[in-house]
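Report on the structure
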Amino acid sequence: MKNKLVSFTVAAALALTVVSAYAAPAAKTSTKPATPLKIGTTDNDGLTRYKGKTIVSGILEYNMVNEAGFPAEFTVDNESKVMIPKVPKTNYPTQFALESDNPQIERLKLNKKKCYRIPMTIEIDGYYSSSYEGEYDGANLLKIIKKGTPVLTSCNVG
């Protein structure tokens, strides 16, 4: 009985040590909370440039097949809308174009003959917004922080 008790004590101590070793690094990492972009200047062409960088979540729509629209367009989810204050405020979804040849997007190794919707969290900067109908908003993709599973979708833009 005494040997079993010693073995159990040693096993418990090892288990705690292993759990502590894995838990310790997580406690050390601190992620800086994302801050909303600041509205910058608006030029004579109705283009508003934003200052800063931020983190947003949403859906990347990737479509290299159909040339209507943008090959890489990001739609921000409701929780992340506050990170991009719109001028003027609208009820439209917050969407913006990304460069489809951005190295972060190319690392996804998506088939360019297919179309996808991919949930993700990204870091952006250089956001700009146009106040004219038919114009688009855009941003620079700095980093893909978290990526969900790509889902095949129709390549027809409607």
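Scroll up a little and you will see the structure.
An account of the accompanying structure is given in this report.

This brings us to the overall build of the protein. For the protein, the count of helices and strands is 2 helices and 8 strands. The linear arrangement of helices and strands in the protein, starting from the amino end, is α-β-β-β-β-β-α-β-β-β. Going through the 158 residues of the protein one by one, you find that 29% of them count as buried. Once local pairs closer than 6 in sequence are excluded, the contacts in the protein between residues at least 24 apart make up 61%. Summing over all exposed atoms, the protein offers an accessible surface of approximately 11,100 Å²; the carbon and sulfur share of this is 56%.

For the rest of this paragraph, the subject is the state of the cysteines. Under the counting rule described, the total for this entry stands at 1 disulfide. Between the sulfur atoms of Cys115 and its disulfide partner Cys155 the distance amounts to 2.0 Å. Because the sign of the S-S torsion sets the handedness, a value of about 115 degrees for the bond joining Cys115 and Cys155 places this disulfide among the right-handed ones. With Cys115 in strand β6 (residues 115-130) and Cys155 in the segment after β8 (151-153), this pair connects stretches of sequence that are 40 residues apart. In this pair, the class of Cys115 matches that of Cys155, namely buried.

Taken as a whole and judged by the stated rule, the model has 2 salt bridges. Glu61 serves as the salt-bridge partner of Arg117, at 3.5 Å between the closest nitrogen and oxygen. Note that Arg117 is positioned in strand β6 and Glu61 in strand β3 (residues 53-63), a separation of 56 residues in sequence. Taking the shortest distance from any N to any O, the salt bridge between Asp137 and Lys86 comes out at 2.4 Å. Here Asp137 is found in the loop between β6 and β7 (138-147), whereas its partner Lys86 is found in the loop between β4 (72-76) and β5 (95-97), with 51 residues between them in sequence. Just as Asp137 is buried, Lys86 falls in that class too.

The phi dihedral of Lys109 is positive, around 50 degrees, even though this residue is not glycine. According to the relative accessible area criterion, Lys109 is exposed, its value standing at 74%.

Ranked by size, the top nonpolar core spans 24 residues in total, and within it Phe74, Ile84, Phe96, Leu98 and Ile122 carry the most contacts. If you list the elements that add at least two residues to this core, you get β3, β4, β6 and β7. With 6 residues, the top contributor of residues to this core is β6. The residues contacting Phe96, other than those within four sequence positions of it, are Val56, Ala72, Glu73, Phe74, Val76, Ile84, Ile122, Ile124, Tyr127, Asp137, Gly138 and Ala139.

What follows deals with the packing of aromatic side chains. One pass over the full model with this rule turns up 6 aromatic pairs. Between Tyr62 and Tyr116, the ring centres sit 6.3 Å apart and the planes meet at 45 degrees, which makes this aromatic pair tilted. With Tyr62 in strand β3 and Tyr116 in strand β6, this residue pair connects regions lying 54 residues apart in the sequence. A residue is classified by how much of its surface remains accessible, and Tyr62, at 4% relative accessible area, is buried. Of the aromatic side chains, those joined through ring pairs into one cluster are Tyr50, Phe74, Phe96 and Tyr127.

Scoring rules and cut-offs
Residues numbered from 1 in each chain as written. Predicted model: local features only at pLDDT ≥ 70, side-chain atom pairs only at ≥ 80, totals over all residues. Heavy atoms only, no water. Helix = DSSP H or I, 4+ residues; strand = E, 2+ residues; numbered from the N terminus. Buried < 20%, exposed > 50% of the residue type's maximum accessible area, 1.4 Å probe, protein only. Contact = heavy atoms within 4.5 Å. Areas by Shrake-Rupley, 256 points an atom, 1.4 Å probe, with all protein chains shown as cover. Disulfide = S-S within 2.5 Å. Salt bridge = Lys/Arg side-chain N within 4 Å of Asp/Glu carboxyl O. Core = buried A, V, L, I, M, F, W, Y, C linked by side-chain atoms within 4.5 Å. Phe/Tyr/Trp six-rings, centres within 6.5 Å; stacked < 30°, edge-to-face > 60°.

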